[in-house]
Every structure is written in structure tokens, then in C-alpha cells.
Amino acid sequence: MSTPNGTHGTISGRDAMRIVRGYAAPIDVVWAAITESDRLARWIGFFTGDPAEGHVQFTMNAEGEENMTPNRYDIRRCEPPRLLEIVTTDDYGSWHLLAELEESQGVTTLTFAQILDDEDPSVIENSGPGWEYYLDRLGATLTGADPDAVNFDDYYPAQREYYRALSARITGETTPPDSH
């Protein structure tokens, strides 16, 4: 488990939760891991359809078979190998996600953001630990390690208070909401 490192930022004037990871891999390898269906399937899920049409059907495969429901993901921006922006709505809410890649001296930095368009920032108390988990699973695949060795129970609820406090800072609350 990594130490939670989500931060608050803004993207085009909108609140966002950002998580940064550095991977000892070329940018093209990390880009492929987040945009090619067979490589995505190794750590989070897979898609069907043609991304050139501006959308795909994405299915999570890292949360058990009972959660393998395909959802439409609209591709807002795709600028290989540096930027991917997608939007979807599922049973848990709306998701506006942004991945930005930058390579320097053999390390690719992924800045992942969940943009909080109309969402209540409290959603990140649950999604923050989840994104930390998935990004560590991505890291495992990039090093050849088994992503299934990354245990969700190490992230949630362990990181929930960190993200609850981050949510409180975003909303300007002096104490995190309902922290018992």
C-alpha cells in the first residue's frame, strides 16, 4: 500500500482531486497501459468498441464478477501519449476523469484527476482510496508484478479519513463530515 497522496487542485476552474504517481517506464508504455483494452484489463478493466467513435463500453474487472457491468465512457480529449479525458455515469455517480503523462529521465509521471463537476466533494472519501488502489495495481503491472497482490483492504477504509479531511478542505469545512 502506498501512502495516500491525493491533493486538491483546480482544472479549468473546477475542483479536482489529483493523485500523482511516477513509474520507471517510458511514456509510450504507460500510455498503452491506460488506453489499450488488453493492457487495461491487467489492472482495472477492459473496453469494447472503437475509441475513434468518441466512446467505448468499459467494464471493470478488478472488483469481482458481480460488478462487471459495462458502462459507456465518452472520450472528451485524447492527445497521445500525454492526455486522456473521459466522462461516464454509472450506478455510483458521474465520473469526470483526466490522466496526464509526462516523461523525464526514464520516469513517466502520471497525474490522475477526478474532476468534481457537480459532484459533492465527499465522494472522494470513497473514490480516493479506490484510485490509489488502482494506480498501485497499474504500477504492479508496469513492473511485471502481480496486480492481484495489491489488496483493496489495505486502502479502504485505511485511507478514508485522509480523503474525508481532503473533502473538508475542498468545501472549506473546519472539521471533516461525520468522522465517527
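These numbers were taken from a predicted model, which means no experiment stands behind them. (Residues numbered from 1 in each chain as written. Predicted model: local features only at pLDDT ≥ 70, side-chain atom pairs only at ≥ 80, totals over all residues. Heavy atoms only, no water.)

Topic: the UniProt feature "domain: Activator of Hsp90 ATPase homologue 1/2-like C-terminal" (unreviewed entry) in the chain
For the record, the criterion: UniProt positions are given in the numbering used here, feature names are shortened, and annotations may be inferred rather than shown by experiment. By the criteria applied, helices consist of DSSP H or I runs no shorter than four residues and strands consist of E runs no shorter than two, each listed in order from the N terminus.
Following the UniProt record, one finds the feature "domain: Activator of Hsp90 ATPase homologue 1/2-like C-terminal" (unreviewed entry) at residues 25–142. Helix makes up 27% of residues 25–142 and strand 41%. Its end C-alpha atoms lie 7 Å apart.

So, helix H3 (residues 124–143)
Filter applied, for reference: A helix's residues, less one, multiplied by 1.5 Å, set its expected span. The cut-offs for exposure are 20% and 50% of the maximum accessible area for each residue type, with area from a 1.4 Å probe on protein chains only; residues under the lower value are buried, those over the upper are exposed, and the others partly exposed.
Compared with an ideal rise of 1.5 Å per residue, which puts 20 residues at 28 Å, H3 spans 28 Å between its outermost C-alpha atoms and is within 8% of the ideal. Within H3, 16 of the 20 residues are buried, which leaves the element mostly enclosed by the surrounding structure. In the stretch just after H3, Gly144 is the one whose phi turns positive, near 85°.

Brief notes about the nonpolar core
As a rule of thumb, nonpolar side chains are buried together in soluble globular proteins. How we decide: Working definition of a nonpolar core: buried Ala, Val, Leu, Ile, Met, Phe, Trp, Tyr and Cys residues. They are joined through side-chain atoms within 4.5 Å. Residue contacts follow a heavy-atom distance rule, with two residues in contact if any of their heavy atoms lie within 4.5 Å.
Core analysis: the biggest nonpolar cluster contains 39 residues, and Trp43, Ile44, Trp131, Tyr134 and Leu138 have the highest contact counts within it. Of all the secondary structure elements, the ones that give two or more residues to this core are strand E2 (14–23), helix H1 (27–35), strand E4 (55–60), strand E6 (83–90), strand E7 (93–104), strand E8 (107–115), H3 and helix H4 (160–171). Of all the elements, H3 adds the most residues to this core, at seven residues. Apart from the residues lying within four places of it in its own chain, the contact partners of Tyr134 are Trp43, Ile44, Met60, Ala62 and Glu63. Among the nonpolar cores identified, the runner-up in size contains six residues, and Ile11, Ala16, Leu98 and Ile115 belong to it.

Some thoughts on the pairing of E6
Convention followed: When DSSP finds two or more bridges between two strands, those strands count as paired.
Burial within E6 is extensive, with six of its eight residues counted as buried. Relative to E6, strand E5 (residues 71–79) runs antiparallel, the two sharing six bridges. Paired with Cys78 across the strands is Leu84, a residue of E6. In textbook terms, the turn of a hairpin is the stretch between consecutive antiparallel strands, and for E5 and E6 this stretch comprises three residues. Here E6 pairs with E7 via eight bridges, running antiparallel. Paired with Asp90 across the strands is Gly93, a residue of E7. Between the antiparallel neighbours E6 and E7 lie two residues.

Section: the layout of surface pockets
To be explicit about the condition: With a 1 Å grid spanning the protein atoms alone, the term cavity applies to any set of points in which a 1.4 Å probe fits but cannot get out, the term pocket to an open set with protein on both sides within 12 Å along at least five of seven lines, and the term lining residue to any residue with an atom within 4 Å of a point. Grid points are joined across faces, edges and corners, and a volume is the space filled by probe spheres set on the points.
What the largest pocket holds in volume is close to 1,300 Å³. At the level of secondary structure, the elements contributing two or more residues to the lining of the largest pocket comprise H1, E4, E5, E6, E7, E8 and H3. A per-element tally of the lining of the largest pocket places H3 first, with seven residues.

Some thoughts on the packing of H3 against H4
Rule in force here: Structural elements are reduced to axes, namely lines fitted to C-alpha atoms, with helices fitted over the stretch in contact, and the angle between N-to-C directions of any two is expressed from 0 to 180 degrees. Angles below 35 degrees are treated as roughly parallel, those above 145 as roughly antiparallel, those between 65 and 115 as roughly perpendicular, and all remaining angles as oblique. Note: crossing handedness is left-handed where the near helix turns anticlockwise from the far helix by less than a right angle, and right-handed where it turns clockwise.
Between H3 and H4, the shortest axis-to-axis distance is 8 Å and the interhelical angle comes to 125°. Regarding the angle of H3 to H4, the classification is oblique. Crossing of H3 over H4 shows right-handed handedness. On the side of H3, the interface is formed by Ile124, Glu125, Asn126, Gly128, Pro129 and Glu132, while H4 contributes Arg160, Tyr163, Arg164, Leu166, Ser167 and Ile170.

Considerations on the side chain of His96
Selection criterion: Here a polar contact is taken to be a pair of N or O atoms separated by no more than 3.5 Å, where protein atoms must pair a possible hydrogen donor with a possible acceptor and residues adjacent in sequence count only if both atoms sit in side chains.
The residue His96 is located in strand E7 in this model. Judged by its relative accessible area of 1%, His96 is buried. Side-chain polar atoms of His96 contact the side chain of Glu85, separated by 2.5 Å. A polar contact of 2.5 Å, which involves the side chain of His96, links it to the side chain of Asp117.

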